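Structural characterization, general
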2 protein chains.
Amino acid sequence: MPGGTLSQSPRLVTVGSVALDTLRTPHGVRRDALGGAAVHASVAAAFFVPRPGLVGVVGADFPEGYRRLLARRGIALDGLESAAGRTFRWSGRYRGDMAVAETLRTDLGVFAGFDPRIPEGWRDAPFVFLANIEPGIQARTLERMRAPRFTLLDTMNLWIATRRAALLKVVGRVDAVVLNDQEIRQLTGESSLARAARACLRLGPRAVFLKRGEHGASLVTRDASFHLPAFPTEKVVDPTGAGDSFAGALMGRLAASGDVGEGALRKALAAGVALASFQVEGFSLERTLRLRPAEISKRLAALRAMTRF
Amino acid sequence: MPGGTLSQSPRLVTVGSVALDTLRTPHGVRRDALGGAAVHASVAAAFFVPRPGLVGVVGADFPEGYRRLLARRGIALDGLESAAGRTFRWSGRYRGDMAVAETLRTDLGVFAGFDPRIPEGWRDAPFVFLANIEPGIQARTLERMRAPRFTLLDTMNLWIATRRAALLKVVGRVDAVVLNDQEIRQLTGESSLARAARACLRLGPRAVFLKRGEHGASLVTRDASFHLPAFPTEKVVDPTGAGDSFAGALMGRLAASGDVGEGALRKALAAGVALASFQVEGFSLERTLRLRPAEISKRLAALRAMTRF
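Residues numbered from 1 in each chain as written. Chains lettered and ligands numbered in written order. Predicted model: local features only at pLDDT ≥ 70, side-chain atom pairs only at ≥ 80, totals over all residues.

**Notes on the overall build of chain A**
The condition that has to hold: By definition, any uninterrupted DSSP run of H or I lasting at least four residues is a helix, any uninterrupted run of E lasting at least two residues is a strand, and each is numbered from the N terminus. The globule rule used here is 2.2 Å times the number of residues to the 0.38 power, and the radius of gyration it is set against is calculated over C-alpha atoms. Burial is judged by counting the other C-beta atoms within 10 Å of a residue's own C-beta: 20 or more makes it buried, 12 or fewer makes it exposed, and any count in between marks it as partly exposed, with every C-beta position built from the backbone. Contact definition: two residues whose C-beta atoms, as placed from backbone geometry, lie within 7 Å.
In terms of regular secondary structure, chain A is built from 11 helices and 13 strands. Against the 2.2 N^0.38 benchmark of 19 Å for 309 residues, chain A shows a C-alpha radius of gyration of 18 Å, consistent with a compact globule. Along the longest, intermediate and shortest principal axes, the C-alpha atoms of chain A span 55 × 45 × 40 Å. The burial tally for chain A puts 54% of its 309 residues in the buried class. Across chain A, contacts joining residues at least 24 apart in sequence account for 68% of those joining residues at least 6 apart.

Dropping the structure here:
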């Protein structure tokens, strides 16, 4: 139940935005759809690990139906603060090949003063996903966790450009980062992705998860490289949340196994690719909420078959 | 020996340019290096199939040393015509991440009036690679072959833009095409690569080989998709000929096996990715000429390991 501070620690805690999204793609429009990085990540994670914990903030206008929806998906909401004011709103448009989101409007609302409150019982969570938020908040979150076994950080071009020092500091403290090709080039100054991934490992993390959109995803560690193609879907309806869904499934899969070795990281990346491939098939969470576990297994088998020679 | 018209038919015939390349990359400069699509493809193919046949034209200035070099690599040169005039010269530069070649100068020389002469004994070759040349020449080449079992066509942005009708006609007559991501988008008008590949299959070919540079390569057929990552080399010295090396190795591997089923196409693509990954490690043919078969096997094993989960 919301508000408890002594609830049992989830195996995965995700900290990030909870939002109301207004989305325009060549396939239509949605207003005030449930969104935000922590939401997409937690919904994806819940396919793999029981009771993933969500830490975020919403305003008084956050629909009770959305809160119930998240609870029904098995997401622990003790860390979801409700503050006076408006919920974070993002309005974006995708055109053409929908590779890049064009932000039409951002209204931070209660998210502007966000200071993550980790429920006391959650501070022992072994897996922590720092979704894309301001690096200082990511650092404070880490300080509030006792001894996480595996931490993953996401970020974006804005923080790389404007909060570089703070970002590099927190990147140096996490186990892994998840970046797209533009972000890793911007972060490292390397144009070759192979070189950029190596440069990223030198910043501290032991694993780099690279999101390459229609080119798939890669895992680079000091010892190995792993790559999976994107599932070749022809019906991309809305890319919103694909990256968060990828990271959430990845962390959910890892948290479920409790293993963070190379083999487990690879399986986790595959889970991420599978979930992201469904996420883009509908607006917002529409497709993901209809997703059945058997469909995930089938897509994982298809990804395996796609790389066998 | 050059000039014979009754020589035994090679299993693979490649038709395309033989050139003298002047190359500038961040790693240095080479002048009048042996190049051209048919050269790079044939040198790569010769690692897999004995006596690949090369059909092309050179001028009186073509160094005898280059002809000997090709002969020593096991390439059959009966189809390499020597004409009065200058050999085709290309001068190009790569900057930054070297993803795109900037043409500084093109001097067609004897290549301007190129009309492929297929030695009589070669007209029964089962595998034919139409390297990137004007589509009308590709069509004439096809007409001169008796009943090839598997034909692959390469092309470029120039022909897609200026010789579209002729290109679509010859694309409709080959078994497979090899294109990069920009070319397939330009050819089909589809921005999503998955959709573009499907659109390409509707033009006639039963297989589409997609070159995605640092993102690897894909094979799309009516029944399946296959993808391999690029080998994550950090030392790209000169990308010239990588695509031709890819296609040549692919066709060499197919011609060697004699099999054109899905499994064989996948193994062929893997051979292509492996050869291209070596090709870029040196200027022009420098690295490829030093390549040992054991190195190819090792890289194929690495590519397999990179996609296992």
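**Quick notes on the sheet that holds strand 10 (residues 176–180) of chain A**
Residues and elements named next belong to chain A. Condition: In this scheme, strands are said to pair when DSSP sees at least two bridges between them. An axis is simply a line fitted to the C-alpha atoms; with a helix, the fit covers only the stretch in contact. Between two such axes, the angle follows the N-to-C directions and lies from 0 to 180 degrees.
Read from one edge of the open sheet, 9 strands run 5-4-1-8-9-10-11-12-13, paired in mixed fashion. The sheet is open, and its two borders are formed by strand 5 (80–82) and strand 13 (225–228), each paired with just one other strand. Direction aside, the axes of adjacent strands within the sheet are offset by 15° on average. Pairing analysis gives 5 bridges linking strand 10 to strand 11 (residues 207–211), with the strands arranged parallel.

**Observations concerning the sheet that holds strand 7 (residues 101–107) of chain B**
All names here are of chain B. Read from one edge of the open sheet, 4 strands run 3-2-6-7, paired in mixed fashion. In this open sheet, the two edge strands, each paired with only one partner strand, are strand 3 (28–35) and strand 7. When strand polarity is set aside, the average angle formed by the axes of neighbouring strands in this sheet is 20°. Bridge count for strand 2 (residues 19–25) against strand 6 (residues 88–94) is 6 bridges, and the pairing is parallel. For Leu 20, the partnering residue across the bridge sits in strand 6 and is Arg 89.

**Let's talk about the nonpolar core**
Which entries qualify depends on this criterion: The term nonpolar core means buried Ala, Val, Leu, Ile, Met, Phe, Trp, Tyr and Cys residues held together as one set by C-beta atoms within 7 Å.
Among the nonpolar cores identified, the biggest contains 207 residues, and A:Leu269, A:Val273, B:Leu269 and B:Val273 are the most heavily contacted of them. Not counting residues up to four positions away in its chain, the partners in contact with A:Leu269 are A:Phe209, A:Ala217, A:Leu219, A:Phe226, A:Leu228 and A:Leu250.

**A look at the relation of the copies chain A and chain B**
Our working definition: The fit set for superposing copies consists of C-alpha atoms from residues with pLDDT of at least 70 in both; the fit itself is least squares.
Its rotation angle being 180°, the transformation that places chain A on chain B also includes 0.0 Å of axial translation and leaves an RMSD of 0.0 Å. Expressed as an axis order, the relation between the two copies is that of a two-fold axis. Interface residue correspondence from chain A to chain B reaches 100%, placing this contact among same-surface, isologous pairings.

**Focus: the interface of chain A and chain B**
Spelled out, the test is: Classes in brief: Ala, Val, Leu, Ile, Met, Phe, Trp, Tyr, Cys and Pro nonpolar; Asp, Glu, Lys and Arg charged; the others, Gly included, polar.
Contacts between the two partners involve 28 residues from chain A, matched on the other side by 28 residues from chain B. Those elements giving two or more residues to the side of chain A that touches chain B turn out to be helix 7 (193–201), strand 13 and helix 9 (262–279) of chain A. Classifying every residue of the side of chain A that touches chain B by side-chain character gives 10 nonpolar, 10 polar and 8 charged.

**So, helix 1 (residues 37–45) of chain B**
Most of helix 1 of chain B sits out of view: 9 of its 9 residues are buried. Within the sequence span of helix 1 of chain B, burial applies to B:Ala37, B:Ala38, B:Val39, B:His40, B:Ala41, B:Ser42, B:Val43, B:Ala44 and B:Ala45.

**Re the environment of A:Arg304**
Residue and element names in this part refer to chain A. With respect to the element layout, Arg 304 can be found in helix 11 (residues 293–305). Overall, Arg 304 belongs to the partly exposed group, with 14 C-beta atoms counted inside 10 Å. Along the sequence, Arg 304 and Leu 228 sit 76 residues apart, while their C-alpha atoms lie 8.6 Å from each other.

**Observations regarding the pairing of strand 13 of chain A**
All names here are of chain A. Neither face of strand 13 is exposed, since Ser 225 and His 227 on one face and Phe 226 and Leu 228 on the opposite face are all buried. Two elements, strand 12 (residues 217–221) and strand 13, share 4 bridges in a ladder whose sense is antiparallel. Opposite Ala 217, over in strand 13, you have Leu 228 as the bridge partner. Once strand 12 ends, the chain turns through 3 residues before running back antiparallel as strand 13.

**Things to note about the packing of helix 1 (residues 37–45) of chain A against helix 8 (residues 242–257) of chain A**
Residue and element names in this part refer to chain A. Where we set the bar: Roughly parallel covers angles under 35 degrees, roughly antiparallel covers those over 145, roughly perpendicular covers 65 to 115, and oblique covers all other angles. Note: crossing handedness is left-handed where the near helix turns anticlockwise from the far helix by less than a right angle, and right-handed where it turns clockwise.
At their nearest, the axes of helix 1 and helix 8 sit 7 Å apart, and the two run at 45° to each other. Classified by the interaxial angle, the pair formed by helix 1 and helix 8 is oblique. For the crossing formed where helix 1 meets helix 8, the hand is right-handed. Residue-level inspection shows Ala 37, His 40, Ala 41, Ser 42, Val 43, Ala 44 and Ala 45 of helix 1 in contact with helix 8, the latter providing Asp 244, Ser 245, Ala 247, Gly 248, Ala 249, Met 251 and Gly 252. Here the contact of helix 1 with helix 8 is built from residues that sort into 8 nonpolar, 5 polar and 1 charged.

**Thoughts on the packing of helix 9 of chain A against helix 11 of chain A**
Residue and element names in this part refer to chain A. Contact geometry of helix 9 with helix 11 gives a least axis separation of 9 Å together with a crossing angle of 115°. Classified by chirality, the crossing of helix 11 by helix 9 is right-handed. Facing helix 9, whose interface residues are Ala 270, Val 273, Ala 274 and Ser 277, helix 11 presents Ile 296, Arg 299, Leu 300 and Leu 303. Tallied by class, residues from the contact of helix 9 with helix 11 come to 6 nonpolar, 1 polar and 1 charged.

**Side note on the pairing of strand 9 (residues 150–154) of chain A**
Walk down a regular strand and you will see the side chains alternate between the two sheet faces. All names here are of chain A. Operational definition: Place the viewer so that the strands point away; then a crossover is right-handed whenever the path from the first strand over the helix to the second strand goes clockwise.
Among the 5 residues of strand 9, 5 are classified as buried, and the element is accordingly described as predominantly covered. Side chains Phe 150, Leu 152 and Asp 154 of strand 9 all project onto a buried face; the interleaved residues Thr 151 and Leu 153 project onto the opposite face, where all are buried too. The pairing of strand 8 (residues 127–130) with strand 9 spans 4 bridges and is classified as parallel. Considered in strand 9, the bridge of Leu 130 is made with Leu 153. Following the backbone out of strand 8, through helix 3 (residues 135–144) and into the adjacent parallel strand 9, one traces a crossover that is right-handed. Taken together, the 3 bridges between strand 9 and strand 10 define a ladder with parallel strand orientation. Looking across to strand 10, one finds that Asp 154 is bridged to Val 178.

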